[in-house]
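If you want the building blocks of each chain, they are given just below.
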Amino acid sequence: YDVLLAGLAVDGGLYLPENWPVFKREDIRAMQQMSYAELAIRVMTPFLGGRIHESDFAKIVNDTYHSFAHSAVAPLKQLECDIWLMELFHGPTLAFKDYPMQLIGRLFDHVLTRRGERVTIVGATSGDTGSAAIEACRDREAIDVFILYPHERVSEVQRRQMTTVSSPNVHCVAVEGTFDNCQDLLKAMFADTSFRNTMNLSAVNSINWARIAAQIVYYFHAAVTLGGPDRQVSFAVPTGNFGNAFAAYAAKYCGLPVEQLIIGTNSNDILTKFFETGKLNIGTVDQTISPSMDIQVSSNFERFLFDLYGRDGIALNNAMLEFRQAGILCVGDKLQAVARDTIAATRLNDAQTMQEMARVLDATGELTDPHTAIGIAAGRLLKRPGGAPVVAQAAAHPA
Ligand SMILES: *Cc1c(COP(=O)(O)O)cnc(C)c1O
C-alpha cells in the first residue's frame, strides 16, 4: 500500500520490484486473444503481491478502461510501411497520462476507503499531469486534490480542463511564477513533516511505481496486436521524465520480445547527451513546443541507472548524491556502452519538430502533436535497416 500511496520511499529512493515477473512466450501468445482490460489484469496482477483481491482488481480495471472513448483503448494505426502509431489519447484528458492515472485514482479510492482514511493529493504541473490527475480524482470520496500550475504558462485547453471541474474535492491554484516555483512549493509542503502528516499528503507524480506498472500494459498490447511474441517490435518513445520510456524498458524485462528501444527528447536533451557521452549534466530548462518534455532532471531515470549499476543500491546512492551536489554524474565508458546497447536516443529542436509534423501530415495525412512527432522522428532516424516494425505513440491528441 505504501508503494501505491506514498510514491517515494522514506529514504528518498524509488520503488522497484525485487523480482520482475517474466512472462513466457506461451503466456504472451495467450494475450493475443485478450481485450485491453483483460491484458491489463494479466500483466499487472504479479505486481500486486496479493494485496488487492483479484475480483476487486478486475472490477477496478474493467471500470477504468471501459470508460475510454475507443473500444480498443490503445488502437494501432499503420502510419508508414514499418511505422505504427499507438494512439494513447482516448482517455478523458486526451494524453497518455490518463492510461495510468485513471486506474490510480480508482486504486487510491479503493484502498483508502477500506482503511477508512483520506489523503490530500498535491501536484505541480505544466499541463498534462494536472488535468489527468484531476479527472482521475474528481468526486472520489477519500481524496482531496490540489494542483499548482504556473499562471499563464499552461495551454488554454489545459487551463480549462483543470479549472472548469466543479467537483468540491478539486482545487486548482495558479501560481505567479514558473513550473519550477510550483515544484518548490510542493517540495516545501512535503518537507514540513507535521503539515505533511496532518494533511496526509500524497503525490501522484510520475515516480509513482503504480503508474509505471499501468504503462507497461500498452506495450504488451501493441506487441501482441502486431503478432508478438512471434514477431519482434521496436518502440519509439518521446521522453521527459522517463516514466513512459522506463515502462517500455520494463516490458522488455518482463519477457516481451523487443528489438530496439528508442527515445526522443526535445532540446532539453540531458538524456540524449547521457547516451552519447556517459555523463548526466544538468542544464537550464528551455521552453519548447513540447512542454511536457521540458525537464532537466528526469526523475525516473534513476530506475534505469539502478540496473546500469548492477542493482547496487549503495553505488547508485553515492552517484545520485554527487549528482545532486555537483550537477553531474559520470558512469564511465563501460557502462555507457551498455546503456547505448539498451537504448538509442536522439533529439529534435522546435524547428525539426515542426518539420516532422509537416512531413508526417504530408506523407500520411495524420496530424500529430509535437511530442508525438518527436517520437516518430526518433523511430524513423534510429530504426535499424531491415529491423522490426517500430511502434511510435500518439502521446497526446493534436488538438
Ligand atoms: C508526460 C508526457 C510526455 C513525457 O513522458 P515522461 O513519462 O515524462 O517521459 C511526453 N508527451 C506527452 C504528451 C506527455 O503528456
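These remarks concern the structure in this document. Every residue gets a number counted from 1 within its own chain, in the order that chain's sequence is written. Predicted model: local features are reported for residues with pLDDT of at least 70 only, side-chain atom pairs are reported and counted for 80 or more only, and whole-chain, interface and lining totals are derived from all residues. In computing side-chain values, all of the structure's heavy atoms are included and hydrogens and water are not.

## So, the layout of surface pockets
1) Next: Its volume calculated, the second largest pocket comes out at about 530 Å³.
2) Next: Here a strand is any run of E in DSSP of at least two residues, a helix any run of H or I of at least four, and the numbering for each starts at the N terminus. Put simply, the parts of the chain that give the lining of the second largest pocket at least two residues each are α1 (2–6), α5 (98–115) and α10 (209–225).
3) Next: Of all the elements, α10 adds the most residues to the lining of the second largest pocket, at three residues.
4) Next: Here the lining of the second largest pocket is built from residues that sort into 18 nonpolar, two polar and one charged. The way it works is a 1 Å grid over only the protein atoms, where trapped points that fit a 1.4 Å probe form a cavity and open points with protein on both sides within 12 Å along at least five of seven lines form a pocket, and then any residue with an atom within 4 Å of a point lines it. Grid points are joined across faces, edges and corners, and a volume is the space filled by probe spheres set on the points. Side-chain classes follow a simple rule in which Ala, Val, Leu, Ile, Met, Phe, Trp, Tyr, Cys and Pro form the nonpolar group, Asp, Glu, Lys and Arg form the charged group, and the remainder, Gly included, forms the polar group.

## Details of the packing of helix α4 (residues 54–66) against α5
To characterise two packed helices, one gives the angle between the axes of the helices and the distance between these axes.
1) Next: Throughout, an axis means a line fitted to C-alpha atoms (over the contacting stretch in the case of helices), and angles, computed between N-to-C directions, take values from 0 to 180 degrees. At their nearest, the axes of α4 and α5 sit 9 Å apart, and the two run at 140° to each other. In terms of orientation, α4 lies oblique with respect to α5. Crossing of α4 over α5 shows right-handed handedness. Residues D56, F57, I60, V61, D63, T64 and Y65 of α4 form the contact with α5, whose own contacting residues are Y99, Q102, L103, R106, L107, H110 and R114. When an angle is under 35 degrees it counts as roughly parallel; over 145 it counts as roughly antiparallel; between 65 and 115 it counts as roughly perpendicular; any other value is oblique. Here a crossing is called left-handed whenever its near helix is offset anticlockwise from the far helix by less than a right angle, and right-handed whenever the offset is clockwise. Contacts are assigned to residue pairs with any non-hydrogen atoms lying within 4.5 Å of each other.

## Things to note about the site of the ligand
1) Next: Not every one of the 14 residues close to the ligand is listed here, only the nearest: K97, D128, G240, N241 and N244.
2) Next: Polar contact is defined as a pair of N or O atoms within 3.5 Å, subject to the rule that within protein one atom must be able to donate a hydrogen and the other to accept it, and that residues adjacent in sequence are counted only when both atoms are side-chain atoms. N241 is positioned such that a nitrogen or oxygen atom in its backbone is 2.8 Å from an oxygen atom of the ligand.
3) Next: In isolation the ligand offers 380 Å² of accessible surface; the protein chains occlude 97% of this area.
4) Next: Classifying every residue of the shell around the ligand gives five nonpolar, seven polar and two charged. Residue proximity to a molecule or strand is established when one non-hydrogen atom of the residue lies within 4 Å of it. Each accessible area is a Shrake-Rupley estimate made with a 1.4 Å probe; only the visible protein chains count as cover when residues are assessed.

## Here we look at the sheet that holds strand β11 (residues 343–347)
1) Next: Any two strands with at least two DSSP-identified bridges between them are counted as paired. The six strands are arranged β1-β2-β12-β7-β8-β11 in an open sheet whose pairing can be described as mixed. One side of each edge strand has no neighbouring strand; the edge strands of this open sheet are β1 (76–80) and β11. Each strand of the sheet is rotated relative to its neighbour by a mean of 30°, with strand direction disregarded.
2) Next: Where β1 meets strand β2 (residues 83–87), four bridges bridge the pair, whose relative direction is antiparallel. Paired with Q78 across the strands is W84, a residue of β2.
3) Next: Helix α12 (residues 270–277) rests against β8 (258–265) and β11 of the sheet, and its axis sits at about 125° to β11.

## Here we look at the sheet that holds strand β3 (residues 119–124)
Sheets are built from strands that pair by backbone hydrogen bonding, the pairs being arranged parallel or antiparallel.
1) Next: Read from one edge of the open sheet, four strands run β5-β4-β3-β6, paired in parallel fashion. What marks the edges here is a single partner per strand, and that holds for β5 (170–175) and β6 (201–202).
2) Next: Pairing of β3 with β6, which is carried by two bridges, proceeds in the parallel orientation. Looking across to β6, one finds that I121 is bridged to S202.
3) Next: Sheet contacts for helix α6 (residues 128–137): β3, β4 (143–150) and β5; angle to β4, the most-contacted strand, approximately 165°.
4) Next: Across the sheet, helix α7 (residues 156–163) touches β4 and β5, and the angle it forms with β4 is around 155°.

Distances and angles like these do not, on their own, reveal function.
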